[in-house]
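Here's the letter readout for the chains.
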Amino acid sequence: MLEPDPNYFSSFVCSGEIFELKAELNSDKKEKKKEAVKKVIASMTVGKDVSALFPDVVNCMQTDNLELKKLVYLYLMNYAKSQPDMAIMAVNTFVKDCEDPNPLIRALAVRTMGCIRVDKITEYLCEPLRKCLKDEDPYVRKTAAVCVAKLHDINAQLVEDQGFLDTLKDLISDSNPMVVANAVAALSEIAESHPNSNLMDLNPQTINKLLTALNECTEWGQIFILDCLANYTPRDDRESQSICERVTPRLSHANSAVVLSAVKVLMKFMEMLPKDLDYYGTLLKKLAPPLVTLLSAEPELQYVALRNINLIVQRRPEILKHEMKVFFVKYNDPIYVKLEKLDIMIRLASQANIAQVLAELKEYATEVDVDFVRKAVRAIGRCAIKVEQSAERCVSTLLDLIQTKVNYVVQEAIVVIKDIFRKYPNKYESVIATLCENLDSLDEPEARAAMIWIVGEYAERIDNADELLESFLEGFHDESTQVQLQLLTAIVKLFLKKPTETQELVQQVLSLATQDSDNPDLRDRGYIYWRLLSTDPVAAKEVVLAEKPLISEETDLIEPTLLEELICHIGTLASVYHKPPSAFVEGSRGVQHKRLPGESLESPDTGSAAGGSDAPPAVIPSQGDLLGDLLNLDLTPPATTGPPPPPTSGMQLGAMDLLGGGLDSLMGAGFGAAPAASPASFSAPVSGGLDDLFDLGGGVGMSSSWVAFKTSLSGLEISGTFARRAGIIQMEMTLINKAMSVMTDFAIQFNRNSFGIAPAGPLQVLTPLSPNQTIEVALPLNTVGPVMKMDPLNNLQVAVKNNIDVFYFSCQYPISVLFVEDGKMERQVFLATWKDIPNDNESQFQIKDCHLNSDAASSKLQGSNIFTIAKRTVDGQDMLYQSMKLTNSIWVLAELRVQAGNPTYTISLKCRAPEVSQCVFQTYEAVLKN
């Protein structure tokens, strides 16, 4: 190793130093030459430009002295980019050094080659690199493996053409574990920049080689191999267990990065293990000690470990359920460690340990650190919400803290008591009097808003509720928006509960909100309340005083699909940020979204025997901010290609511009009546404004049920239906221009929906739509769009754009359009699947006023891809056993009972996703009655 001499970094100040160095570099004495190169490197290190000495330094490469060669190579790496023409002079030396008898020199040459990022000389370096990749010395091979990744970053095409990637794959089978580790690291690096290249073709044989190398390589090598293993999906639970058994010893490694990488592999592969397996329980016990050990490291490492443990506890709390005490805060912990420990304590809180958790939290609430005390008080409230048996004790603890009269403690306590009221209504309201005593001390917006909510919600129990709210009203315009909105709602609630006493108060707040405020949110809410109260007080009472849903136990849990992705990134920056890499990695590199191996909705046997596709059933995520999603859709008209599909007759539908019409249109004034329903069309009651977007009413038949709405402003009328023709779903529409201007540039977009229905092409309106003109279009659909669970399941939100405006409407499609043509199960598979699906997933319905016999019913249902597998007659009752398969590979099994002379049929439906049963029943009803 080179020993630095501080004198080198301060001695050169004279103007002629370059000339002196030039002379020394060309000296015949080796020692003098070496000293000169050291001086050059020192000058370079402190930022001086010594590029003028490039040819002289390069001439020093021809030496047997390893120390001098290292210095020259260091200079070369720094200046080659600014002197590319002169860097070519060094090529011959590289080629020669790659054949040197000393493996250190061969490795040094190939390492430097990879660091010289000059396009001109890369092609000259291919042959030396090829030789080094097959060198007899493992040190040279492992260095060459990393060089391939560096060369690929400079010129990817050259690396592929020269066959270096194949050589790199061969190195995974190398006898030396460090060569294997570096080959894996290089391939992983290249694969990250080319996500679809499938470079890491992992199979059981390769995995076995990696696991063999794992025990013998350095800690960095182990991390590379473990990260590579985490990208592999085992074939079955046996292979998964085998890999887990061989990775488990890494949990006892001294390096925390190796431990976290091993935890990542085990967390992923545990998904494949049956929970009733003995090894599964053993593995859970083995995961706890290494995670606990990480918490004895220095604070920075503790924080990284805690952020990762936070993810692990959300996914598998049972791993650390007996280790609560290690998360108790120490007096000398930094604040960032304290807050993270507190968060994990809440996640692990249960009925078994709640007593000691509450004792700790009460102690924390008397600390001096304000942020920590606030979080501790909130934690007490979260414990009450999570563990119902502890709620009374938590409320008592919060009241004790309120009695301390410490301002920020009181305010946090009031915020969390509001949440406790939401979780346990009509249970702890006796504490309201104590809360009201502290009204004057509240100065934070969140605490003031919480107190106002409590007063408004329980106004009938508070004698002077009007006085309390009036005291807030005095400084209305100085309050934050959060407090203003809460105050408006609370006073409206008070008015609905005590109308005679508070009429003046409600008029005052509505006036302040609508006339004196420039906040659009506040003004809009004020107008809505005003219109509700002035037109229909009974409806206002039903809306404003409606029973509120209970708040959930864990409101801050990471969304499940994001949590799955973060578990796959344990030990990386993503697990510390709690954000996917795509959220903070910029640049041209593709970021792959990783998922834990999921369990298919149907058993593998059932899927294959029934001739189904290999695609797993789609996951239907929870409903989110639907309005926000739809309003943000990109509706730029796509290029139109080809003639439009043949038109078909459709149904009446008026379209409305949700963003126009002001308050009157929002409140429903001036709307026309809904068009009359007819057998060939569908319609629904007209409503106004935003309600139309979320109107979920209307039955589902073979022609779908649409929400109809009209407006005199926009003048576009749409009618339509859904159909499945030759395996293709179509949305068949008639567009009528009732405006005075020509409509052009049509485009259509769907919001995320339960089955990923999306347009398969552009909306084919190829000619301008003149006033009073009608045009018929058929829009082909597919089911590869974004998925989100809707209510009802078959609800579809649509946005249509043209040169005039954007039109939003909501409709329901018949679920039968999703029934695929290969939905007929084999008899034996049907029987096995029916038994396998839990009885809790069975739903029973009755279809009345049907007058078909069983054969006619079977024939009719087959037209909608509902296939009869078997029929038997028991006591004069025909029983049809039927199956259907949705586009997302969900199977639905049915038993239809038909009795001669009885117009009421009974149908039993079984499905692993029971939420679809209601929609399937509606399809049966529509088909059999139509």
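Owing to the predicted nature of the structure, the values given are computational and were not obtained by experimental measurement.

## Focus: the overall build of the protein
When you go through the protein residue by residue, the secondary structure sums to 40 helices and 13 strands. Out of the 930 residues in the protein, the part that is buried amounts to 51%. Counting contacts in the protein only where the partners sit at least 6 residues apart, residues at least 24 apart contribute 69% of the total. Element-wise, carbon and sulfur atoms account for 50% of the exposed surface of the protein, whose accessible area totals about 42400 Å².

## Observations concerning the environment of valine 431
Looking at the element boundaries, valine 431 is found in the loop between α24 (407-423) and α25 (432-437). According to the relative accessible area criterion, valine 431 is buried, its value standing at 7%. It is 9.3 Å that separates the C-alpha atoms of valine 431 and isoleucine 417, two residues lying 14 residues apart in sequence. Filtering out sequence-adjacent residues up to four positions away, valine 431 remains in contact with Val395, Leu399, Ile417 and Phe421.

## Digging into the sheet that holds strand β9 (residues 842-847)
In a beta sheet, neighbouring strands are held together by backbone hydrogen bonds and run either parallel or antiparallel to one another. Reading across the sheet, the 5 strands line up as β9-β13-β12-β11-β10 and stay open at both edges, with antiparallel pairing between neighbours. Of all strands in the sheet, those bounded by a partner on one side alone are β9 and β10 (867-874). Ignoring which end each strand starts from, the neighbouring axes of this sheet average 20° apart. Here strand β12 (residues 891-899) runs beside strand β13 (residues 905-911); their pairing, made up of 6 bridges, is antiparallel. Looking at the pairing, leucine 896 lines up with isoleucine 907 of β13. Against the sheet, helix α39 (residues 854-862) contacts β10, β11 (877-885) and β12, and its axis sits at roughly 5° relative to β11.

## Some details on the packing of aromatic side chains
One pass over the full model with this rule turns up 10 aromatic pairs. Arranged with centres 6.1 Å apart and planes meeting at 85°, the rings of tyrosine 424 and tyrosine 428 form a pair that is edge-to-face. Residues phenylalanine 845 and phenylalanine 921 carry aromatic rings whose centres are separated by 4.5 Å and whose planes lie at 10° to one another, so their mutual orientation is stacked. Linking phenylalanine 845 in strand β9 with phenylalanine 921 in helix α40 (residues 917-929), this pair joins segments that are 76 residues apart in sequence. Note on accessibility: phenylalanine 845 and phenylalanine 921 belong to one class, buried. Each member of the aromatic cluster is reached from another via a ring pair, and the members are Phe421, Trp453 and Tyr458. Here the basic side chain of lysine 338 rests over the ring of phenylalanine 372, its NZ or CZ set 5.2 Å away from the ring centre.

## Overview of the sheet that holds strand β2 (residues 716-725)
Taken in spatial order, the 4 strands of this open sheet run β2-β3-β6-β5, and their pairing is antiparallel. Each edge of the open sheet is held by one strand with a lone partner, namely β2 and β5 (758-759). As judged from the 8 bridges shared by strand β3 (residues 728-737) and strand β6 (residues 774-782), these two strands associate in the antiparallel manner. For methionine 731, the partnering residue across the bridge sits in β6 and is leucine 779.

## Description of the pattern of salt bridges
In total, this model carries 35 salt bridges according to the counting rule given. With a shortest N-O distance of 3.2 Å, aspartate 400 and lysine 362 are connected by a salt bridge. Taken together, the residues aspartate 400 in helix α23 (residues 391-403) and lysine 362 in helix α21 (residues 354-364) connect sequence positions 38 residues apart. Taking the shortest distance from any N to any O, the salt bridge between lysine 548 and glutamate 457 comes out at 3.1 Å. With lysine 548 in the loop between α31 (537-544) and α32 (560-567) and glutamate 457 in helix α26 (residues 445-457), this pair connects stretches of sequence that are 91 residues apart.

## Overview of helix α30 (residues 520-535)
Here α30 is 16 residues long and its end C-alpha atoms lie 22 Å apart, about the 22 Å a rise of 1.5 Å per residue gives. Packed against the buried residues of α30 are α28 (481-497), α29 (503-514) and α31. At the N-terminal end of α30, a side-chain oxygen is found 2.9 Å from the backbone nitrogen of aspartate 521, two or three residues along, and the residue is asparagine 519.

## As for α28
The α-helix winds at 3.6 residues per turn, so residues separated by three or four positions along the chain end up facing the same way. Spanning 17 residues, α28 covers 24 Å between terminal C-alpha atoms, matching the ideal 24 Å at 1.5 Å per step. In terms of residue burial, α28 counts as a mostly covered element, since 13 of its 17 residues are buried.

## Some details on the packing of helix α20 (residues 335-348) against α21
Packed helices, taken two at a time, are described by their axes: the angle between them and the distance between them. In contact at an axis separation of 11 Å, α20 and α21 are set at 150° when each is read in the N-to-C sense. It follows from the interaxial angle that α20 and α21 lie roughly antiparallel. Crossing hand, α20 versus α21: left-handed. Note on element contacts: α21 touches α20 through Val357, Glu360, Leu361 and Tyr364, opposite Leu342, Met345 and Ile346.

## Overview of the confidence of the model for the protein
Averaged over all residues, the pLDDT of the protein is 78; the fraction at 70 or higher stands at 84%. Segment residues 9-15: pLDDT under 50, and 10 contacts once partners within four positions in sequence are set aside and those in other chains are kept. Here residues 599-713 is a poorly scored stretch, pLDDT under 50, and it has 275 contacts once near neighbours within four places are set aside; other chains count.

## Notes on the environment of leucine 512
Assignment of secondary structure puts leucine 512 in helix α29. Here the alpha-carbon distance between leucine 512 and phenylalanine 476, two residues 36 residues apart in the chain, equals 7.8 Å. Residues within four places of leucine 512 in sequence aside, it is in contact with Leu473, Phe476, His477 and Ser517.

## A word on the nonpolar core
Membership of the largest hydrophobic core comes to 209 residues, with the highest contact counts inside it found for Tyr75, Leu129, Leu210, Leu361 and Phe421. One finds Met733, Ala739, Leu763 and Leu779 within the second-largest nonpolar core, a separate group that totals 59 residues.

## Some words on the packing of α26 against α28
Closest axis-to-axis distance for the α26/α28 pair is 8 Å, and the angle between their directions is 10°. What the angle tells us is that α26 and α28 run roughly parallel. Counted together, Pro445, Glu446, Arg448, Ala449, Ile452, Trp453, Gly456 and Glu457 of α26 and Gln482, Val483, Gln486, Leu487, Ala490, Lys493 and Lys497 of α28 form the full contact between these two elements. Grouping the constituent residues of the contact of α26 with α28 by class yields 7 nonpolar, 3 polar and 5 charged.

## Some remarks on the environment of leucine 596
Relative to the elements of secondary structure, leucine 596 occurs in the loop between α33 (573-577) and α34 (604-609). Judged by relative accessible area, which is 6%, leucine 596 ranks as buried. It is 7.1 Å that separates the C-alpha atoms of leucine 596 and glutamate 565, two residues lying 31 residues apart in sequence. Dropping the residues within four chain positions of it, leucine 596 is found in contact with Lys268, Glu271, Arg315, Glu564, Ile567 and Cys568.

## Some points on the pairing of β11
Taken across its 9 residues, β11 has 8 buried, putting it largely inside the fold. Bridge count for β10 against β11 is 7 bridges, and the pairing is antiparallel. Bridge assignment links threonine 868 to a residue of β11, and that residue is glutamine 882. As paired elements, β11 and β12 share 9 bridges and run antiparallel to each other. Across the sheet, residue lysine 885 finds its bridge partner in β12, namely tryptophan 891. Counted between consecutive antiparallel strands, the loop separating β11 from β12 contains 5 residues, among which serine 889 sits at a positive phi close to 70°.

## Side note on the side chain of histidine 152
Structurally, the position occupied by histidine 152 is in helix α10 (residues 138-154). The residues touching histidine 152, leaving out its near neighbours within four places in the chain, are Val159, Glu160, Leu165, Ile190, Ser193 and His194.

## Some details on unusual backbone geometry
In this model, aspartate 791 is joined to proline 792 through a cis peptide bond whose omega is -5°. Relative to the helices and strands, proline 792 resides in the loop between β6 and β7 (795-801). In this structure, alanine 726 takes a positive phi of about 55° despite not being glycine. With respect to the helices and strands, the residue alanine 726 is situated in the loop between β2 and β3. Of note in this structure, serine 889 is not a glycine but carries a positive phi near 70°.

Conventions adopted
Residues numbered from 1 in each chain as written. Predicted model: local features only at pLDDT ≥ 70, side-chain atom pairs only at ≥ 80, totals over all residues. Heavy atoms only, no water. Helix = DSSP H or I, 4+ residues; strand = E, 2+ residues; numbered from the N terminus. Buried < 20%, exposed > 50% of the residue type's maximum accessible area, 1.4 Å probe, protein only. Contact = heavy atoms within 4.5 Å. Areas by Shrake-Rupley, 256 points an atom, 1.4 Å probe, with all protein chains shown as cover. Pairing = 2+ DSSP bridges. Axes fitted to C-alpha atoms, helices over the stretch in contact; angles between N-to-C directions. Phe/Tyr/Trp six-rings, centres within 6.5 Å; stacked < 30°, edge-to-face > 60°. Lys NZ or Arg CZ within 6 Å of the ring centre and 35° of its normal. Salt bridge = Lys/Arg side-chain N within 4 Å of Asp/Glu carboxyl O. Expected span 1.5 Å × (residues − 1). Polar contact = N/O pair within 3.5 Å; in protein donor to acceptor, adjacent residues only side chain to side chain. Parallel < 35°, antiparallel > 145°, perpendicular 65-115°, else oblique. Left-handed = near helix turned anticlockwise from the far one by under 90°. pLDDT = per-residue confidence, 0-100. Core = buried A, V, L, I, M, F, W, Y, C linked by side-chain atoms within 4.5 Å. Nonpolar A, V, L, I, M, F, W, Y, C, P; charged D, E, K, R; others polar.

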